[in-house]
Amino acid sequence: MDKIIKKAGAFEIINHWVMAISCILLAVQGYGFLFHIEGIGSAFGGFNSMRALHNYLGIAFSVSLFFSIFLYLKEALTYDADDIGWIMVLGGYLSHKVSVPPMGKINTGQKFFYLAVLIFGIGISASGYVIWLLPGNKQYILLSHIVHNISFVTLMIAIPVHIYLGTLANPGTLRIMLSGTVPYQWAKKKHPKWVAEVEGGHKA
Amino acid sequence: MARMGILVSPELCIGCRACQVACKSWNQLPGDKTTNRGGFENPPDLTPHLYNKIHYLEVPAAADVQRWLFVSQRCMHCDDAGCMKICPAPGALYKTKEGAVGINKDKCIGCKLCVAGCPFNVPRYDEKDKISKCHLCNDRIANGLQPACTKTCPTGALKYGDRDSLISGAQKAGYAKVYGQTDLGGLGSLYAFKDAPNVYGMDEKPVIPETVVFWHKVLKPLSYLGLSGVVAASLIHYVAIGPHKEKEEEEKKNG
């Protein structure tokens, strides 16, 4: 049997699922609100209950976003020459022939994606709380409304790419969300620096 | 149906506030507790139970010691309404066939965004967190009556009628420019002002907040163009470049 290696623990897997499900439901509701789509409203029991659900799911999303800081932020802020090399070959996404520099636990694109999710996730959460809880101040509401929507547009561009790259574009990646493990050979090819780190750690 | 409106002529108003009382009476709105603030104007601003009120203004004048202006404040029933634009709940705010901005409290979700979207600071929220404002007495109009406030007005300071005839009437009476004629696509509440609008406590050029316009014109289309763009790009990538197939790539390299 092929050797496997653990990439994500139970907490990370659950946290990611909480974020993924809340995010997708929130996004669907967002389109319902934006374009007055009656079908989406009905699916959530009418626009009144959809609004309540939107607020509560927002709590789930922002809490999982908070925990993600401890899981990914340090890694997402650590860069070296290989990250520049990664950008030069565009991560090998546009051609299978180029050789991609060795990556750590998450690659350069994933680092950028995480930072985008963190920044716009904080934007969409904070502005959501303001609209929900502080409806008195007109200037705050207008600012929050525009921040909420800019974040929404950005996330609606970034997240589908993330889902595509994690499923169809890279078969075998989705299992990280299910079992948290990956084949040793796969890890060695995609995240060699991380594998070396893990093995070095074991030896020491 | 022709667009209907209300023409407000502050110069004809005697400040009796019968319109405020008639509105409360017809719409069954409870009285608000007020305090003596040393003037006739009360309550100081629109409330969830006060759809229209007379704003009392004392302005310096050349001839008299002072000049009293009584300006009726109410929903302006904009053609291009900021409240309707920003509202996320379908049907909570709607255009009546007379061109007024009607409200449906059952469909209001209580988010209060309309308060921020209104250029005239009109919408209020009641105890149940539902929008509350003048709806041009659409229940009266539907039965061939005129709004309670205009029906009651003893001096003709409030006049209800066909919007175009109200404008041409005001112009014939010597008001060159009627406030609200073209602003925000044309207001349903028109004002025959003798002086600049700011003398009467009104904005010279009322506009929907520019962030709301930007959101409506740019961000809303971007939200689906962006999403469908990246979904399409992913599909093209899948077909044209294809997914990483680890084993095949290894084999090719080892060749």
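Structure: see above.
The structure contained in this document is the topic of the report that follows. If you're wondering where the values come from, they're calculated on a predicted model, not measured in any experiment.

**Describing the overall build of chain B**
When you go through chain B residue by residue, the secondary structure sums to eight helices and nine strands. Taking 18 Å as the expected radius of gyration for a compact globule of 255 residues, we find that chain B reaches 25 Å, considerably beyond that expectation. Seen along its three principal axes, the alpha-carbon backbone of chain B occupies a region of about 100 × 40 × 40 Å. For chain B, the proportion of contacts with a sequence separation of at least 24, taken over those separated by at least 6, is 59%.

**What to know about helix H6 (residues 163–172) of chain B**
All names here are of chain B. By the burial criterion, the buried members of H6 are Arg163, Leu166 and Ala170. Buried residues of H6, seen end-on, are gathered within an arc of 60° and therefore sit on one face of the element. When the buried face of H6 is taken as reference, the exposed residues oriented beyond 90 degrees from it are Asp164, Ser168 and Lys172. In the core, the buried residues of H6 are packed alongside strand S1 (4–8), strand S8 (158–162) and strand S9 (189–191). A positive backbone phi angle near 105° is found at Gly174, which sits one or two residues after H6.

**Digging into the packing of helix H3 (residues 47–76) of chain A against helix H5 (residues 108–133) of chain A**
All names here are of chain A. Two elements in contact, H3 and H5, have axes whose closest approach is 9 Å; the angle formed by their N-to-C orientations is 150°. Put simply, H3 runs roughly antiparallel to H5. The handedness of the crossing between H3 and H5 comes out as left-handed. Counting all contacts with H3, which are made through Asn55, Gly58, Phe61, Ser62, Leu65, Tyr72, Leu73, Glu75 and Ala76, the residues of H5 involved are Lys111, Tyr114, Leu115, Leu118, Gly121, Ser125, Gly128 and Trp132. Tallied by class, residues from the contact of H3 with H5 come to nine nonpolar, six polar and two charged.

**Quick word on the interface of chain B and chain A**
Taken together, the contact pairs 29 residues of chain B with 31 residues of chain A. Among the elements of the structure, helix H3 (113–117), helix H7 (210–240) and helix H8 (246–254) of chain B are those that each provide at least two residues to the side of chain B that touches chain A. In terms of residues, the side of chain B that touches chain A owes the most to one element, H7(B), which gives 13 residues.

**Points about helix H1 (residues 18–27) of chain B**
All names here are of chain B. Residues of H1 that are buried include every one of Cys19, Gln20, Ala22 and Cys23, and no others. Looking straight down H1, one finds its buried side chains confined to an arc of 165°; they lie on one side. Against strand S2 (53–59), strand S3 (67–73), helix H5 (148–152) and S8 lie the buried residues of H1. Positioned one or two residues after H1, Gln28 has a phi angle of 50°, which is positive.

Rules and cut-offs
- The residue count restarts for each chain, going from 1 along the sequence in the order it is written.
- As they are written, the chains are lettered A onward and the ligands numbered 1 onward, keeping that order.
- Only residues with pLDDT of at least 70 are given local features in this predicted model, and only at 80 or more are side-chain atom pairs given and counted; all residues enter the totals for whole chains, interfaces and linings.
- For helices the rule is a DSSP run of H or I covering at least 4 residues; for strands it is a run of E covering at least 2, with both sets numbered from the N terminus onward.
- Using C-alpha atoms as the atom set, the radius of gyration is obtained and then compared with a globule rule of 2.2 Å times the number of residues to the power 0.38.
- Think of it this way: build a C-beta for each residue from its backbone, and any pair within 7 Å is a contact.
- The burial criterion counts other C-beta atoms lying within 10 Å of a residue's C-beta, which is placed from the backbone; the residue is buried at 20 or more, exposed at 12 or fewer, and partly exposed between these limits.
- Arc, as used here, means the arc of the directions from the helix axis to the C-beta atoms.
- For every element, the axis is a line fit to its C-alpha atoms; helices are fit only across the contacting stretch, and the angle between N-to-C directions ranges from 0 to 180 degrees.
- Any angle that is under 35 degrees is reported as roughly parallel, and any over 145 degrees as roughly antiparallel; angles of 65 to 115 degrees are reported as roughly perpendicular and all others as oblique.
- Here is the rule for handedness: rotate from the far helix to the near one, and if that takes an anticlockwise turn smaller than a right angle the crossing is left-handed, while a clockwise turn gives right-handed.
- Put simply, Ala, Val, Leu, Ile, Met, Phe, Trp, Tyr, Cys and Pro go in the nonpolar bin, Asp, Glu, Lys and Arg in the charged bin, and everything else, Gly too, in the polar bin.

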